Amino acid sequence: MGRMTKRSEPYILAAIVVLSLLIQARSGQFFSGNNLVDLARSLIVPALFSIGCMMVIVSGGIDVSFTAIASLAMYVTDRLLLASQYSGNVILAYAISAGLGLLMGALNGFLIGFLRLPTFVVTLGTSSLFTGLMFGAFSASASDVPPSIARHGKEILFTATNPKLGLTSNMPSQILILIAVLLFAFFLLRYTMLGRGIYAVGGDETAAERAGFNVRGIKMFLYCFVGVLAGITGIARISMMSYADPSTMLGMEMTVIAAVVLGGTRVTGGVGTLVGTISGVALMTILSNSLILIGIPTYWSRVFTGAVIIVGTGVTAHQIRSTRRRHTQSQKATV
Amino acid sequence: MTADKPADSVRRARGAHDPNLLRLLVMLVFVFLLMTVLRPHQFATMTNFNSMMRQFPEYGIMAIGISLTMITGGIDLGVVGTANLSAIIAAKFLIGSVPQGSTPAQVVPYLIIAVLLSLSVGLACGTIAGTLISHFNIPAILATLGTQQLFTGIAIGITSGRPQSRLPLLYSRIGNTEFFRFVPLSFVIFSAVAVGVGLMLSRTRFGTSMYMIGTNPRAARYAGLNNTTIILRTYMISGLLSSVAGLIMMARANSAKADYGAPYTLQCVLIAVLGGIDPNGGFGTIAGVTMAILILQFLSSGLNMFNNISNFYRDVIWGGVLILVLVFNRLLSWRNERRAVRKSMVK
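Position numbers for residues start from 1 in each chain and track the written sequence from start to end. By the order in which they are written, chains take letters starting at A while ligands take numbers starting at 1. Reporting in this predicted model follows two pLDDT cut-offs: at least 70 for local features of residues, and 80 or more for side-chain atom pairs to be given and counted; totals over whole chains, interfaces and linings ignore these cut-offs and use all residues.

(A) A look at the overall build of chain B. By the criteria applied, helices consist of DSSP H or I runs no shorter than four residues and strands consist of E runs no shorter than two, each listed in order from the N terminus. Along chain B, the regular secondary structure elements total 14 helices and 2 strands. What the globule rule says is 2.2 Å times the number of residues to the power 0.38, and the radius of gyration is computed from C-alpha atoms. Whereas a compact globule of 347 residues would reach a radius of gyration of roughly 20 Å, chain B reaches 21 Å, a difference of no more than 12%. With C-beta atoms placed from the backbone, the exposure class of a residue follows from how many other C-beta atoms lie within 10 Å of its own: 20 or more, buried; 12 or fewer, exposed; in between, partly exposed. Expressed as a percentage of its 347 residues, the buried residues of chain B come to 47%. A pair of residues counts as a contact when their C-beta atoms, built from backbone coordinates, are separated by no more than 7 Å. Sequence-distant contacts, at least 24 apart, represent 79% of the contacts inside chain B between residues at least 6 apart.

(B) Quick peek at the overall build of chain A. Across its full length, chain A carries 14 helices and 2 strands. Relative to its length of 335 residues, chain A is compact, with a C-alpha radius of gyration of 21 Å against a globular reference of 20 Å. The principal-axis extents of the C-alpha atoms in chain A amount to approximately 75 × 50 × 35 Å. For chain A, the proportion of its 335 residues judged to be buried stands at 48%. Considering only contacts within chain A whose residues lie at least 6 apart along the sequence, 78% involve residues at least 24 apart.

(C) Fine view of the interface of chain B and chain A. Residue-level contacts link 38 residues of chain B with 37 residues of chain A. Secondary-structure elements contributing two or more residues to the side of chain B that touches chain A are α6 (140-159), α12 (264-274) and α14 (313-346) of chain B. Ranked by the residues each element gives to the side of chain B that touches chain A, the list is headed by α6 of chain B, at 13 residues. For this scheme, ten residues count as nonpolar: Ala, Val, Leu, Ile, Met, Phe, Trp, Tyr, Cys and Pro. Four count as charged, namely Asp, Glu, Lys and Arg, and the remainder, Gly too, count as polar. Across the side of chain B that touches chain A, the residue classes tally to 23 nonpolar, 13 polar and 2 charged.

(D) Layout of helix α5 (residues 104-134) of chain B. One less than the residue count of a helix, multiplied by 1.5 Å, gives the span that helix is expected to have. Given a rise of 1.5 Å per residue, 31 residues ought to cover 45 Å, and the 44 Å separating the end C-alpha atoms of α5 of chain B matches this to within 8%. When we look at burial in α5 of chain B, the residues that qualify are Ala114, Ser118, Val121, Gly122, Cys125, Gly126, Ile128, Ala129, Gly130, Leu132, Ile133 and Ser134 of chain B.

(E) Inspection of the environment of Gly269 of chain A at higher detail. Residues and elements named next belong to chain A. Tracing the backbone shows Gly269 in the loop between α12 (252-262) and α13 (274-290). The spatial distance from the C-alpha of Gly269 to the C-alpha of Asp38 is 33 Å, given a sequence separation of 231 residues. Those residues in contact with Gly269 that lie beyond four places of it in its chain are Val58, Ser59, Gly60, Gly202 and Gly203.

(F) Quick look at the nonpolar core. The nonpolar core is taken to be a set of buried Ala, Val, Leu, Ile, Met, Phe, Trp, Tyr and Cys residues joined by way of C-beta atoms within 7 Å. Among the nonpolar cores identified, the biggest contains 190 residues, and Leu72 of chain A together with Met62, Ala63, Cys268, Ile271 and Ala272 of chain B are the most heavily contacted of them. A total of 15 residues in this core trace back to one element, the largest contributor, which is helix α11 (residues 227-253) of chain B. Here Cys268 of chain B is in contact with Tyr59, Met62, Ala63, Ile66 and Val79 of chain B, once residues within four sequence places are set aside.

(G) Region of the structure containing the environment of His135 of chain B. Residues and elements named next belong to chain B. Within the secondary structure, His135 sits in the loop between α5 and α6. Overall, the presence of 13 C-beta atoms within 10 Å leaves His135 in the partly exposed class. Measuring from C-alpha to C-alpha, the distance between His135 and Thr229 comes to 9.1 Å, with 94 residues separating the pair along the chain.

(H) Structural context of the confidence of the model for chain A. Confidence of the predictor in every single residue is expressed as pLDDT, which spans 0 to 100. The pLDDT averaged across chain A works out to 87; a share of 94% of its residues lies at or above 70. Model confidence for chain A, summarised as mean pLDDT per element, is weakest for helix α1 (residues 2-6) of chain A at 49 and strongest for helix α5 (residues 91-114) of chain A at 96.

(I) Expanded view of the packing of α5 of chain B against α6 of chain B. Residues and elements named next belong to chain B. Orientation of α5 relative to α6, taken along the N-to-C sense of each, is 150°, at an axis distance of 9 Å. Overall, the two elements α5 and α6 adopt an arrangement that is roughly antiparallel. With respect to the hand of their crossing, α5 and α6 are arranged in right-handed fashion. Residues Cys125, Ile128, Ala129, Leu132 and Ile133 of α5 lie in contact with α6, whose contacting residues are Ala140, Ala143, Thr144, Thr147 and Phe151. Taken together, the residues of the contact of α5 with α6 break down into 8 nonpolar, 2 polar and no charged. Throughout, an axis means a line fitted to C-alpha atoms (over the contacting stretch in the case of helices), and angles, computed between N-to-C directions, take values from 0 to 180 degrees. Roughly parallel covers angles under 35 degrees, roughly antiparallel covers those over 145, roughly perpendicular covers 65 to 115, and oblique covers all other angles. Handedness of a helix crossing follows the sense of rotation of the near helix relative to the far helix, less than a right angle counterclockwise being left-handed and clockwise being right-handed.

(J) Up close: the pairing of strand β2 (residues 167-172) of chain A. Residues and elements named next belong to chain A. Whether two strands pair comes down to DSSP finding at least two bridges between them. Relative to β2, strand β1 (residues 156-162) runs antiparallel, the two being bridged by 6 bridges. Looking across to β2, one finds that Phe158 is bridged to Met171. What sits between β1 and β2 in their antiparallel hairpin is a turn of 4 residues, with Gly166 showing a positive phi close to 70°.

(K) Fine view of the confidence of the model for chain B. Residues and elements named next belong to chain B. Confidence in the prediction of chain B, expressed as mean pLDDT, is 88, and 95% of residues score 70 or more. Predicted confidence is poor over residues 1-16, with pLDDT under 50, and the contacts of this stretch with residues over four places away or in other chains come to 14 contacts. Across the whole predicted complex the pTM is 0.86, and at the interface the ipTM reaches 0.84.

(L) Region of the structure containing the packing of helix α2 (residues 9-27) of chain A against α13 of chain A. Residues and elements named next belong to chain A. In the contact formed by α2 and α13, the axes pass within 9 Å of each other and the chain directions differ by 25°. In terms of their interaxial angle, α2 and α13 are classed as roughly parallel. Judged by the sense of rotation from one axis to the other, the crossing of α2 with α13 is left-handed. Residues Glu9, Ile12, Leu13, Ala15, Ile16, Leu19, Ser20 and Ile23 of α2 form the contact with α13, whose participating residues are Val275, Gly276, Ser279, Gly280, Ala282, Leu283, Ile286 and Ser290. Within the contact of α2 with α13, the residues separate by chemical class into 10 nonpolar, 5 polar and 1 charged.

(M) Highlighting helix α3 (residues 46-71) of chain B. Residue and element names in this part refer to chain B. A rise of 1.5 Å per residue sets the reference length of α3, with its 26 residues, at 38 Å; its end C-alpha atoms lie 35 Å apart and thus fit the reference within 8%. Bend angle per residue: angle between axes fitted to the 7 residues ending at that residue and the 7 residues starting there. Of all the bends in α3, the largest measures some 40° and sits at Pro57. The first or second residue beyond α3 is Gly73, which carries a positive phi of 90°.

(N) Structural detail: unusual backbone geometry. All names here are of chain B. In this structure, Phe180 takes a positive phi of about 55° despite not being glycine. With respect to the helices and strands, Phe180 occurs in the loop between β1 (178-179) and β2 (183-184). Non-glycine residue Asn254 carries a positive phi angle of around 55°. Since 16 C-beta atoms lie within 10 Å of it, Asn254 is described here as partly exposed.

(O) The arrangement of the environment of Leu182 of chain A in detail. Residues and elements named next belong to chain A. Its location among the elements puts Leu182 in helix α8 (residues 174-191). The exposure class of Leu182 is partly exposed, given the 17 C-beta atoms found within 10 Å. Note: C-alpha distance between Leu182 and Ile51 (131 residues apart in sequence) is 7.5 Å.

Okay, structure coming up:
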């Protein structure tokens, strides 16, 4: 019992079920095939971002620059491929974008891991730097995508139709990327020393260092990983939209952070799961996709994001305090 | 590490002999001279000074608010949201209640109520953020990221995202008053705020306890300080200052808008860090922050005078400067640590 109440995944899953039933009752369209496919479709990009974001928060840091990295990486890749009139495999686009993301992530990693600068201020600075470069040096504006990315965007796994409304929705192939990244992150976090190191650093940095973890290296890897992931996400996004809009992802970092926090990731570091994170993203996506269905104007969506961050962090802060109190009480009891 | 270290660090924080202040002064003079040489007929003119004095008070006051929270080891990322929300509520009140065609004398009481209303909204916003941080122990970054979304969200919600214009003319006329036809009212307010907060930090018990909490919260609690109340009050002051900035923005734009001044958050954090406020808490002075504000305004106005520089390069410069200052401060503190170790070994 105690174990169940301390975890947050059950609560989020319950919230998702209740919310789905509520929307189903009001609109009758929630459990239709095409709505579920639409939800999965709008989940892909925030879910990809959230994996890296969760790992950073688990390590005790916070990153607000991943959307800026994704935007700059995908935009430069897009212009590069357009200029070279490349029309081969889309893998090259992913590779270039991931490489650019790696470079930008490495800058964050160097500043945070090696110079030990505060993560929030650093990523706030680099995000301004990257967006400024994109709009200034590359004078970015919405542009076409090269043929390889356009073709990639039309790859569909299956199509769901809603016989009542006659609507169809396509499941994009980019969901395979999400699944692959999830599997990779799962093995990394569970079965590798590096993954355990991320949790160790977030739990107590000094203790992790004394236990023999290479804290600098772990942080460097982490921010590089976020960069690579952001680069990949950028290409996935523009291939699904089939045009490259440099500002489409900016500002999304707040909802992603909210979703990660909602998913039970402890903002003080050391605790967080992939299942919780993806459930958090799912809940946020359902909320934002369905606000109109439940009769709330979209103007109020930011109030939701804010409330979710505050309530989510408040709950984890409360949990930490009550476990600590229980610890001291049991210590007193044994003495 | 001798016994007089804490007292030493408090004195240094108050700026008795702060090498950082000297560096900032040199930087300020350098930027000023650089811009004067590059754009002699535009930069060092009375018109430009006047326009700069109109521009910086709104973000300068918010930067002072953020700096206070950073001194206690936190941060307030909700300042821009607070400023907009309090301005919008004041604007809604004015638009909704002042009868058409009233004389200036009739409008004055409404203006007083609007100002008080906006200040209390700011205070309430600060109380919310402060309570979340001090009572519920939510990390300041996330709590205020949340309040920023919340306040901006409420501001968008109650206005449906539309700007609130058609304010009574008297408000902007008073707000844009210029003494001696040169010194704007907003500049006078900024100076009063800077001097007042500076004195509070350096001359009062409350100011000293803020530095102590920022240096070591646990030690501060054991020394008998009530951390909860002090942190709560700090965020309340930050909220109050943000609403003052909101009133100034409302007067300058003659309207209030939910997404006004979005880049100010980054700019304010940059000012605080550039001004020598340690993001980990415990260090920094208002004198440093004020100089950082002036440096940024000189740079910003100077860049405006180059037509071929896109506005977006400002983002690059702000971000780049922020990181360079962080790196520089870190290298400097490492060097000082090494020197201290060497000195103690010689002894």
